[in-house]
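Secondary and tertiary structure notes
Chain residues, written in single-letter form:
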Amino acid sequence: MSTVISAQDLRKYYGRTRALDGLDLTVTTGEIHGFLGPNGAGKSTTIRILLGLARATSGSVTVLDRNPWTDAVALHRKIAYVPGGVALWPTLTGGEAIDLLSRLRGIDDPVQYAARREHLTEAFQFDPSRKGHTYSTGNRQKVALIAALATPASLYLLDEPTAGLDPLMEAVFRRELSAVVADGATALLSSHILSEVEQLCDRVSIIRAGRIVETGTLADLRHLTRTEVAFSLDGLAEADLRDIPGSHDLVIDGPRARFTADSDELVDVLPTLAQLRVRGLTVTPPSLEELFLSHYGDLSTDVARQTRRAARHSRVGR
Amino acid sequence: MTTLAILIRHRIRRDRIQIPVWLASIAALLLFSALALQDTFGDVTERTLLVRLASANPAIMFIRGVPQGTGAAAVLIFTVLAFLGVLVGLMNTFLAVRHLRAEEESGRADLVASTPAARAFPPLATLLYGLLVNAVLAVAVAGCLLLAGQDPAGSVVTGLALAAIGVVFLTVGGVASELMPSARAANGLAVGAVLFSYLLRGIADAFGTVSDDGLSVESSWLAWLSPIGWAQKTRPFTEDTLAPLLLSLAAAGVFVGVAVLIMARRDTGASVLATNSGRTTALPTLAGPFGLAWRLQWPSTVAWCVGAAAFGVFGGSLGTAVATSDLGNSPIADQLARLSRGGDTLTEAFISVIFTIIGVVAAGCAIQAIVRMRQEESHVGGELVLATPVSRDHWAGSYIGIGAIAVVLVLATGATASVLAALTVGAPEESIEDSVVAAFAQLPAALLFLAVVALVWSVVPRLTAGLGWGLLVLSVFLGIFGALVGLPDWTAELSPFSHSPVPSGADTDWSGGIVMAGLALLAGGAAFILFRRRDVEST
């Protein structure tokens, strides 16, 4: 597998502000690479550097074996870009904007383009006849998405592409993106919608304060964290549970007991649980959300667990 | 009541810079004109000359108004009232649309309407605030005239007449906001109404009936259809009658009624005219950055051309009148000589002044093209376009190129309008050649503005609009008006407009123009190179 995006020790300073502070990123052919991080972590700065819209203060970067700053024009023939929060020309209709952007990118086969545009317009339920200033956030986003997907590209740079889309349209986006990637394209998907990343991405890089703090497949990342094990207390004494090998952070919460175990050592816990003949057993692997939160600020993994539990209970309650 | 007070205070705070700037500009223009007129036409014989010249020439009356005798203050009103009326009208329509349709379009109106302010209070607050602004305007205008030593009654009537124009167009802006789906469209409609009203009274004044002594003109009945015409009918400093302003009040009342009726029947955010939908696919011409730049820029280019044409008609039709009148030794001739830095004949001097103004229009058009490029880069689709296989040079070159083409179009339109007008009034052929040469002579200065503002944009993009328009205003002030207010000569030399070649037959000195064209090339080239080296700055 060859490398599509390769960035080493990328730094970007705006005066004293360090937008990127030694970022390393590798994206290989044919993958959808999730690019996760909160607002202001440096996702958009990275993508703008990959596009040659901004120049890195230091560090090296190649995209499709080219330097994005000096080879922008040649490179852009193979790239489709969708920014988050698309701004349109107020006096151009959505359809005109789609045609303009597609023509700028280069239409090799007009018949195929027309068919593709028609298909996407329908799939995204988009009305191309309205003027730019009348579209809602989600509809403006559709213009950029349709323009990006209507002509073939080798690399899709997607910067929070589904901002403002409803869940139905998000599903359409996932389907269409999966299709072009299945045909051999590569995508870098910056997002903070974790379910989207979980469903789409092969590998994930988590960025924090201008550096990549974690990168790997979702399975790799899960190994680094703990799995939650919970079961009905049902007559068991706390003392019986204290010494389960491999268990941590035991909590008795009303009728239920729960603890966490290293994901790699989960099998060591199971024989003891079997001996205790626990009932109502649930084993929950860490969600991406927990992986994500475990890398961030004041929110500990524990908060994430509680949030998730609360959400689950309220779902059951309904 | 407190809700209303909060909303009015909010409007005052939001407009705390632009409304004072509008009011100060209008007051300064009035005061400046009053003082300049006293300076140059202090004597009644000079004023008689001026008024006779005007009443004999419909073009002057079309632009200015109808003369009402030779009193110093009456001549002032004749020269500035209609023009100030347009400014007051624009200030008010922009105010109304800014606080009504623009708020609804952005969705902010929903936020406010969800509080106890509900739907009716924001427009009511806008109306009261607008009335307050016009009251301040009336006081400022009357104050300036008193300061210039004019008669109190006439000063107050002038203030009220201008405020009445303001109130009418405040409500016109309100109705436009009810009708139109976007602030852009509402501003377009309301500004159109202001200009149409100026045009109506212009035609009425041009076809007015001249009195037997040739010192006053009664405009035709069409003037009764124009709010600016009503203000002129008050005849400040001659008749001082407020009765015509009852028409203004009645019209404002009708417009408020119409707006209330529409508002009571529509949803917040909706409008009477829905946004017209457009093409679902783009025309073949919209295929590159140049096509896009042209598509975005042609409406404003047309507007700049119309402005240049108006001045061209004025200059072309008047050039001959100036030459044939007995003005040769009058202060007007001195004035023209000071404004135009020479020129062999009075006609050449006059045409040169008019084309300097057309040159300013062309420079404004150039600056606007660069400001548009900055807006594209920062707020709209510039980033989307630059992420496609379009080079930085190609993209910036499209906007700068369209700017250069627009400059040429503006000057050509001005020259054509001037020539046609000159032919209509039967001017001698050399004045036609003067127009063409004078238009061409303005090209280097306008291109220099285009290139210098592009250079500013390539280095400090954030300052493009501020520095660009600021440079133009400063250059106009130093180069064109500086001499009139007694600034030393070297300050005038700072302005590009001072270096534009002055048509003087075969002796025309082109060196200033050649130097400016060279500087424009250098600045433009530097802009391209520097833009290649900086980040695309979007906000």
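From a predicted model like this one, the values you see are computed outputs, not experimental measurements.

All names here are of chain A. One open sheet accounts for four strands, arranged β11-β12-β10-β13; its pairing is antiparallel. Each edge of the sheet is formed by a strand with only one pairing partner; in this case those strands are β11 (247–253) and β13 (279–284). Each strand axis lies, on average, 15° off the axis of its neighbour in the sheet, ignoring direction. Where strand β10 (residues 226–232) and β13 come together, four bridges link them in antiparallel fashion. Paired with E228 across the two strands is T284, which belongs to β13. Lying over the sheet, helix α10 (residues 266–276) contacts β10, β12 (256–262) and β13, oriented at roughly 145° with respect to β12.

Position of T93(A) relative to the elements: it lies in the loop between β5 (79–82) and α3 (94–105). With residues up to four places along the chain from it excluded, the contact list for T93(A) reads P128(A), S129(A), R130(A), K131(A), G132(A), G278(B) and R279(B).

Our next topic: the interface of chain B and chain A. The interface is formed by 41 residues belonging to chain B together with 36 residues belonging to chain A. Here chain B and chain A share an interface that buries about 3300 Å² over both sides, 60% of which is from carbon and sulfur atoms. On the chain B side of the contact with chain A, L384(B), P389(B) and D535(B) bury the most area, a combined 20% of that side's loss. On inspection of chain B and its partner chain A, the count reaches three salt bridges. Mapped onto the side of chain B that touches chain A, the elements with two or more residues apiece are α13 (289–324) and α16 (382–386) of chain B. For the side of chain B that touches chain A, a count of residues per class yields 16 nonpolar, 13 polar and twelve charged.

This next bit is on unusual backbone geometry. Only a minority of non-glycine residues have a phi that is not negative, and only a minority of peptide bonds are not trans. Residues and elements named next belong to chain A. Even without glycine at this site, E160 takes up a positive phi of about 50°. Along the chain, E160 turns up in the loop between β6 (155–159) and α6 (167–182). The class for E160 is partly exposed, based on a relative accessible area of 21%.

Next up on the list: the environment of G364(B). Residues and elements named next belong to chain B. Structurally, G364 is set in helix α15 (residues 346–378). Given a relative accessible area of 1%, G364 falls into the buried group. Sequence separation of G364 and R64 is 300 residues, and the distance between their C-alpha atoms is 23 Å. When residues no more than four places from it in sequence are discounted, the contact partners of G364 are W304, W469 and L472.

What follows is about the confidence of the model for chain B. Regions with low pLDDT should not have their predicted coordinates read in detail. Residue and element names in this part refer to chain B. Mean pLDDT over chain B works out to 86, with 92% of the residues at or above the 70 mark. Looking at the elements of chain B, mean pLDDT is at its lowest for helix α14 (residues 331–340), recorded as 56, and at its highest for helix α9 (residues 152–179), recorded as 96. For this predicted complex, the interface score ipTM comes out at 0.75, while the overall pTM is 0.74.

We now examine the side chain of T79(B). Residues and elements named next belong to chain B. The topology assignment puts T79 in helix α5 (residues 72–99). Only 2.8 Å separates the side chain of T79 from the backbone oxygen of L76, close enough to count as a polar contact. Each residue touching T79, except ones within four places of it in the same chain, is listed here: L37 and R64.

All right, on to the sheet that holds strand β1 (residues 3–14) of chain A then. Residue and element names in this part refer to chain A. Strand order across the open sheet formed by three strands is β2-β1-β4, with antiparallel pairing between neighbours. With one partner strand each, in any of the chains shown, β2 (17–28) and β4 (58–63) form the two edges of the open sheet. Along the sheet, successive strands turn relative to each other by an average axial angle of 15°, direction set aside. Examined bridge by bridge, β1 and β4 share five bridges and lie antiparallel to one another. If you follow Q8 over to β4, its bridge partner there is S60. Its contacts with the sheet put helix α1 (residues 43–50) on β1, β2 and β4, and the angle it makes with β2 is roughly 65°.

All right, on to helix α2 (residues 18–40) of chain B then. Spanning 23 residues, α2(B) covers 32 Å between terminal C-alpha atoms, matching the ideal 33 Å at 1.5 Å per step. Residues of α2(B) that are buried include every one of I19(B), L23(B), I26(B), A27(B), L30(B), S33(B), A34(B), L37(B) and T40(B), and no others.

Looking now at the pattern of salt bridges. Applying the stated rule across the entire model yields 27 salt bridges over all chains. The shortest N-O distance in the salt bridge between R48(A) and E383(B) comes to 2.4 Å. In this pair, R48(A) is assigned in helix α1 and E383(B) in helix α16, connecting two distinct chains. With respect to class, R48(A) is no different from E383(B); both count as buried. For E96(A), the salt bridge is made with R295(B), and the minimal N-O distance between the two is 2.8 Å.

Ranked by internal contacts, the top residues of the largest apolar core, which has 144 residues, are I5(A), W89(A), L157(A) and W395(B). Looking at this core element by element, the count peaks at 15 residues for α15(B). Counting only domains with at least three residues in this core, you end up with domain 1 (1–266) and domain 2 (291–534) of chain B. Judged by nonpolar contacts, the second largest core, of 54 residues, contains I19(B), L50(B), C144(B) and A161(B).

The rules behind these values
Residues numbered from 1 in each chain as written. Chains lettered and ligands numbered in written order. Predicted model: local features only at pLDDT ≥ 70, side-chain atom pairs only at ≥ 80, totals over all residues. Heavy atoms only, no water. Pairing = 2+ DSSP bridges. Helix = DSSP H or I, 4+ residues; strand = E, 2+ residues; numbered from the N terminus. Axes fitted to C-alpha atoms, helices over the stretch in contact; angles between N-to-C directions. Contact = heavy atoms within 4.5 Å. Buried area = accessible area lost by both parts, 1.4 Å probe. Salt bridge = Lys/Arg side-chain N within 4 Å of Asp/Glu carboxyl O. Nonpolar A, V, L, I, M, F, W, Y, C, P; charged D, E, K, R; others polar. Buried < 20%, exposed > 50% of the residue type's maximum accessible area, 1.4 Å probe, protein only. pLDDT = per-residue confidence, 0-100. Polar contact = N/O pair within 3.5 Å; in protein donor to acceptor, adjacent residues only side chain to side chain. Expected span 1.5 Å × (residues − 1). Core = buried A, V, L, I, M, F, W, Y, C linked by side-chain atoms within 4.5 Å. Domains from an automatic or database assignment.

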